[in-house]
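Single-letter residue listing:
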Amino acid sequence: MADLSQDAWRSQFEADSNAVLLDVRTQDEVDEGSIPGAIHIDIFKGQGFIDEVSELDVSKSYYIYCRSGNRSNQACAVMQQLGFEKTYNLLGGFNEWEGEVVSK
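Described below are features of the structure shown in this document. (Residues numbered from 1 in each chain as written. Predicted model: local features only at pLDDT ≥ 70, side-chain atom pairs only at ≥ 80, totals over all residues. Heavy atoms only, no water.)

**Here we look at the packing of aromatic side chains**
So, point 1. Taken as a whole and judged by the stated rule, the model has eight aromatic pairs.
So, point 2. Considering the side-chain rings of Trp9 and Tyr63, the 6.1 Å spacing of their centres and the 75° angle between planes classify their relative orientation as edge-to-face. Of the two residues, Trp9 sits in helix α1 (residues 6-15) while Tyr63 sits in strand β4 (residues 61-65), which places them 54 residues apart along the sequence. As far as the burial class goes, Trp9 and Tyr63 line up, both buried.
So, point 3. Between the aromatic rings of Trp9 and Trp97, the centroid separation amounts to 5.7 Å while the plane-to-plane angle is 85°, which identifies the pairing as edge-to-face. One end of the pair, Trp9, is in helix α1; the other, Trp97, is in the segment after β5 (87-90), and 88 residues separate them in sequence.
So, point 4. Taken together, the ring pairs connect Trp9, Phe13, Tyr63, Tyr65, Tyr88, Phe94 and Trp97 into an aromatic cluster.
So, point 5. Over the ring of Trp97 we find Arg10, and its NZ or CZ is 4.7 Å from the ring centre.
So, point 6. The ring of Phe94 has Arg25 lying over it, and the distance from NZ or CZ to the ring centre is 4.3 Å. (Phe/Tyr/Trp six-rings, centres within 6.5 Å; stacked < 30°, edge-to-face > 60°. Helix = DSSP H or I, 4+ residues; strand = E, 2+ residues; numbered from the N terminus. Buried < 20%, exposed > 50% of the residue type's maximum accessible area, 1.4 Å probe, protein only. Lys NZ or Arg CZ within 6 Å of the ring centre and 35° of its normal.)

See below:
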């Protein structure tokens with residue numbers, strides 16, 4: 001697991017051919033906007049989060065974000081316990097994101 005600044009997170013994600021973008025915010029937060037291409041699994045689902053994450057490919061690299069960086073840090077830790085070796089937390093989260101945003 002690594003905590004990355006916005007610039008490092010974005011450039012590493014863009015250069016990673018094995019990258020998956022994961023949004024762990026609530027549905028209400030996602031409805032306000034998200035980073036294009038992100039899959040959404042709400043960390044507040046508890047066991048449901050673990051169940052859904054367990055279905056993901058552990059060989060991929062996961063670039064994870066939430067609103068401020070706290071929940072995504074927790075998600076990285078949970079995923080590490082489940083055998084994911086490449087998880088990257090976006091420091092500052094979506095609140096500080098300066099890249100492209102899509103709204104539903």
